[in-house]
Amino acid sequence: MPTLDPATRQALAARLRFYRDLGLTEFYRRPVDLQANDEPGAPSTNNLGAPGPGSPRSGLGSRGGDLASETWDSTSPSLPHHQEPTIPPRKPIFTPTDVPAAVLTADRVAALRIIREEIGDCTRCALHKGRNKIVFADGSPDARLMFIGEGPGADEDAQGLPFVGKAGQLLNNMIAAMGLKREEVYIANVVKCRPPGNRTPEPEEANTCLPFLFRQIDVVRPEVIVALGATASTYLLGQRQPLAALRGRVHSVRGSKLIVTYHPAFLLRDPRQKKEAWTDLQIAMRELGLEVPARS
Ligand code: SF4
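1. Some words on the environment of Val190
With respect to the helices and strands, the residue Val190 is situated in the loop between strand 3 (186-189) and helix 6 (203-220). Spatially, the C-alpha atom of Val190 lies 8.7 Å from that of Asn207, the residues being 17 residues apart in sequence. Ignoring sequence-local partners within four residues, the contact set of Val190 consists of Ile148, Glu150, Gly151, Pro201, Ala206, Cys209, Leu210, Leu213, Thr231, Ala232 and Tyr235.

Here it is in structure tokens:
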């Protein structure tokens, strides 16, 4: 076992504590003494059995057809929310610094269930008062691609699933245009309870809920995350910038590549932006090694 420098040893101890706080002790192969691990000269106890970065994931299907932006649902009903929101002046955004070791593929379902159980019948922020159902996530725990939106709307609140309304239908079409199926990706939101009137979550609410999302990201460990809209990109990146300044680039968050695009509800309101969104999705496709259709 190579000798670790104090900084690395402390980082490993912090990572193990993070797992213990999650309740993920089942990943330890032998008992871990976190206290001893903090002390100079203590041996490393990284027993998490992390797979390598190239570990296999559930297969992403081959492209199902020559779909492009113009084939997306072009209906544009008037929606009450998700105009690309103006994020209020922000407080410092919670961003856990430690990215824990990857969770074994076989343990991801259990790890996500533990997070859901920890959320419980959550009353940690004011959004609990108006919700019907907590919207945890939907999709594959082994997904290579993750979509993150802002928060549940009325349909999602009723069903307890993210992106199941009209905006969800458009997201499904966007996913299909990438040559994928909804079941192959993972979908979540910044907040898990519906904000009243579909307003943008307050910083207090988003920051309270955000640790759960970061834990989900750490478990799924997607290769690429697509942030849908300004709220998702603001809280994932920990910085507030106009969407235009963030699009068209590959960012990094918690070990995953991050692409920023418009929220589907915004695209329903302004279908002219679908072409722009398709450009963003093609960046994600290239990062995933998916075939990008040639320009017609
Ligand atoms: Fe809890 Fe998140 Fe719902 Fe707030 S939004 S009550 S933190 S689950």
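2. Observations regarding the packing of helix 3 (residues 108-119) against helix 6
Packing of helix 3 against helix 6 brings their axes to within 9 Å, and their N-to-C directions diverge by 170°. Taken together, the axes of helix 3 and helix 6 lie roughly antiparallel to each other. Residues Arg108, Ala111, Leu112, Ile115 and Ile119 of helix 3 pack against Phe212, Arg215, Gln216, Val219 and Val220 of helix 6. Taken together, the residues that form the contact of helix 3 with helix 6 break down as seven nonpolar, one polar and two charged.

3. Section: the pairing of strand 4 (residues 224-228)
For strand 4, the buried fraction is high: five of the five residues fall into the buried class. Residues Val224, Val226 and Leu228 point to one face of strand 4 and Ile225 and Ala227 to the other, with burial holding for every one of them. Where strand 2 (residues 145-149) and strand 4 come together, four bridges link them in parallel fashion. Each bridged residue has a counterpart across the sheet, and for Ile148 the counterpart in strand 4 is Ala227.

4. Examining helix 6
An ideal rise of 1.5 Å per residue puts 26 Å on 18 residues; helix 6 measures up with 25 Å between its terminal C-alpha atoms. Of all the bends in helix 6, the greatest, near 40°, is centred on Leu210, and the proline Pro211 appears no more than four residues after it. Among the 18 residues of helix 6, 14 are classified as buried, and the element is accordingly described as predominantly covered. A positive phi of about 50° marks Arg221, the residue just after helix 6.

5. Some thoughts on the environment of Leu237
In this fold, Leu237 is placed in helix 7 (residues 230-237). According to the C-beta neighbour criterion, Leu237 is partly exposed, with 18 such atoms within 10 Å. Sequence separation of Leu237 and Ser252 is 15 residues, and the distance between their C-alpha atoms is 8.0 Å. If near-sequence neighbours (up to four positions away) are discounted, Leu237 is found in contact with His251 and Val253.

Cut-offs and rules
Within each chain, residue numbers correspond to sequence positions counted from 1 in written order. Under the rules for a predicted model, residues below a pLDDT of 70 receive no local features and side-chain atom pairs below 80 are neither given nor counted, while totals for whole chains, interfaces and linings still include all residues. Elements are defined by DSSP. Helices are runs of H or I of four residues or more, strands are runs of E of two residues or more, and each kind is numbered from the N terminus. Residues are defined as contacting one another if the C-beta atoms placed from their backbone atoms lie within 7 Å. Angular values range over 0 to 180 degrees, each being the angle between N-to-C directions of two axes fitted as lines to C-alpha atoms, with helices fitted over their stretch in contact. Here roughly perpendicular refers to angles of 65 to 115 degrees, roughly parallel to angles under 35, roughly antiparallel to angles over 145, and oblique to all remaining angles. Only Asp, Glu, Lys and Arg are considered charged, only Ala, Val, Leu, Ile, Met, Phe, Trp, Tyr, Cys and Pro nonpolar, and every remaining residue, Gly among them, polar. Note on burial: count the other C-beta atoms lying within 10 Å of the residue's C-beta; 20 or more is buried, 12 or fewer is exposed, in between is partly exposed, and C-beta positions come from the backbone. At least two bridges found by DSSP between two strands is the condition for calling them paired. What a helix is expected to span follows from its residue count: subtract one and scale by 1.5 Å. One axis is fitted to the seven residues ending at the residue and one to the seven starting there. The bend at that residue is the angle between these axes.

Remember, this is a structural readout, not a statement about activity or role.
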